[in-house]
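# Architecture and fold: a report
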Amino acid sequence: MHYSDNFGKIDEISSVMCYNLGNSMDLKLQGQIASPGGKVFRIPFPATMFLKTETYCMKKRFLLLFLLLLLTGCGGTQTAPLSCTPPESQRLVVYTSHKEEVYTPIIREFEERTGIWVEVVTGGTNELLQQIEKEQDAPRADVMFGGGVESLESYRDCFTPYICREADRIREGFQSQCGYWTPFSALPVVLIYNTKLVRAESVTSWVDLEKPAFRGTIAFADPQISGPSYTALVTRILAGGGEDCLAGFRSALEGRQSDSSGAVLSDVARGSALVGITLEETALQHIPAGEDIALVYPADGTACVPDGSALVKGAPHEENARRFLDFTVSRDVQSLVGRRFCRRAVRGDIPADPSLPPLGTLNLVDYDVEWASKNRDRLLSDWAFLLGEVAP
């Protein structure tokens, strides 16, 4: 591995394991470091340094200074090179579209329990799925962790079917019949509104969004980019009785679409949009922070579609990938899903958050994941045409 900084270039740091975790960097130091001159210094203890974003520069310089002292002979005894690179049997490559606060504790715990070293590659759901498709001849990823299951289903040719170890514990309706994906959490679609600008009784359904007062003030992410927005688009079709309802929805938007799901929350919170469409967990993460938003479950119908994970076809570390998929639906992880991530567990033996309405009390549409997957390209094309983004 090569690393450089203002202190100068360090070549062949042979035992520094480094992987990027979003806005932080995890460096694990073990064994020895080889200097440019060929000297090898043993580090007398394993060290793990977690560099937070806000203190990254200072700690990174401290780390590099420490390494340079070793390289110049000030910190250790010369010894023969020792290989600390984990063997392939102890590696795993995870592509994830989850937020850092979701994937980090899960992956760290998996590493601690199994001894497997995990490399994390982050990105948007569609971006990562397209990357996996491009890499089919020589797969690099082992697992796709994140993304709505209809998005995973759309790329099923890139995945190997796998039924997780505790599949019998997963709630009915949240399982893949063919095993192309493993559910992670259940995510109802909700409407949100700015509590300072909109009365609660004004927004109770999808139809309410088409009121003149809300035209051009609806925050909705581009479903070509956002998986949750595609789920919402299909939900709108099912709640509205068919695809013809999209014309009214399009008119209400007046061509306005956000370039990310996160922008929906920020636009509504600051009042640049009056109402928005998002997922329950996303709204629940912002409400406790004191932002001026509230959520509502559409009375005319909503969907509760899980996100999930999938085993990449031809995964270089397939057995470790299977272990990771099993881990994501384990009782410990699923308990964390509800307790820490504002999400609903997919296991039937995990009690639901009592502060949330039971799924049985919501007007849930019959969301057919396979249909949504097979019709994805066509629906997105039709939607783009309605918005005037493509020629007829």
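Heads up: the structure comes first, above all this text.
Residues numbered from 1 in each chain as written. Predicted model: local features only at pLDDT ≥ 70, side-chain atom pairs only at ≥ 80, totals over all residues. Heavy atoms only, no water.

Here the focus is the overall build of the protein. Along the backbone of the protein there are 12 helices and 16 strands. A total of about 17800 Å² of accessible surface is found on the protein, and carbon and sulfur atoms cover 51% of it. (Helix = DSSP H or I, 4+ residues; strand = E, 2+ residues; numbered from the N terminus. Areas by Shrake-Rupley, 256 points an atom, 1.4 Å probe, with all protein chains shown as cover.)

Here we take up the nonpolar core. In terms of nonpolar packing, the biggest core is built from 53 residues, with Phe159, Phe249 and Ile277 touching the most fellow members. When residues of this core are assigned to their parent elements, the largest contribution, six residues, is made by helix α5 (residues 227-240). Leave out the neighbours within four places in its chain, and Ile277 touches Val189, Val190, Leu191, Trp206, Leu209, Ile218, Ala219, Phe220, Ala232, Phe249 and Val264. (Core = buried A, V, L, I, M, F, W, Y, C linked by side-chain atoms within 4.5 Å. Buried < 20%, exposed > 50% of the residue type's maximum accessible area, 1.4 Å probe, protein only. Contact = heavy atoms within 4.5 Å.)

Of note in this structure, Glu254 is not a glycine but carries a positive phi near 55°. Here Glu254 lies in the loop between α6 (246-253) and α7 (261-270). The backbone of Cys342 sits at a positive phi, close to 60°, despite the residue not being glycine. When you line up the elements, Cys342 lands in the loop between α10 (331-340) and β16 (344-345). For Cys342, a relative accessible area of 26% puts it in the partly exposed group.

Below, the discussion takes up helix α3 (residues 125-134). Regarding α3, the residues found buried are Thr125, Asn126, Leu128, Leu129 and Ile132. One face of α3 carries all of its buried residues, which in axial projection span an arc of 165°. Residues of α3 that are buried in the fold lie against β8 (91-96), β9 (117-122), β10 (143-148), α4 (149-154) and α12 (376-386). (Arc of directions from axis to C-beta.)

What follows is about the packing of helix α2 (residues 100-114) against helix α9 (residues 318-328). Axis angle and axis distance: for two packed helices, these are the angle between their axes and the distance between the axes, and together they describe the pair. Between α2 and α9, the shortest axis-to-axis distance is 11 Å and the interhelical angle comes to 120°. The angle between α2 and α9 falls in the class oblique. α9 is crossed by α2, and the crossing has right-handed handedness. Listed contacts from α9 to Ile106, Ile107, Glu109, Phe110, Arg113 and Thr114 of α2 are Asn320, Arg323, Phe324 and Phe327. For the contact of α2 with α9, the residue count by class is five nonpolar, two polar and three charged. (Axes fitted to C-alpha atoms, helices over the stretch in contact; angles between N-to-C directions. Parallel < 35°, antiparallel > 145°, perpendicular 65-115°, else oblique. Left-handed = near helix turned anticlockwise from the far one by under 90°. Nonpolar A, V, L, I, M, F, W, Y, C, P; charged D, E, K, R; others polar.)

What follows is about the packing of aromatic side chains. Within the structure shown, the criterion is met by eight aromatic pairs. Aromatic pair Trp206 and Phe249: ring centres 6.4 Å apart, planes at 85°, arrangement edge-to-face. In this pair, Trp206 is assigned in the loop between β11 (182-194) and β12 (218-219) and Phe249 in helix α6, connecting sequence segments 43 residues apart. Overall, Trp206 belongs to the buried group, its relative accessible area being 1%. Residues Phe249 and Trp383 carry aromatic rings whose centres are separated by 5.6 Å and whose planes lie at 25° to one another, so their mutual orientation is stacked. Of this pair, Phe249 sits in helix α6 while Trp383 sits in helix α12, and the two are 134 residues apart along the sequence. Here the two residues Phe249 and Trp383 agree in accessibility, since each one is buried. Each member of the aromatic cluster is reached from another via a ring pair, and the members are Phe110, Phe145, Phe184, Phe324 and Phe327. Above the plane of the ring of Tyr230 lies Arg376, whose end atom (NZ or CZ) is 5.5 Å from the centre. (Phe/Tyr/Trp six-rings, centres within 6.5 Å; stacked < 30°, edge-to-face > 60°. Lys NZ or Arg CZ within 6 Å of the ring centre and 35° of its normal.)

When a strand is regular, its side chains alternate between the sheet's two faces. Burial runs high along strand β13 (residues 275-279): five of the five residues are buried. Of the two faces of β13, the one lined by Val275, Ile277 and Leu279 and the one lined by Gly276 and Thr278 are each fully buried. Here β11 pairs with β13 via five bridges, running antiparallel. Bridge assignment links Tyr193 to a residue of β13, and that residue is Val275. Pairing geometry for β12 and β13, over two bridges, is parallel. Paired with Ile218 across the strands is Val275, a residue of β13. (Pairing = 2+ DSSP bridges.)

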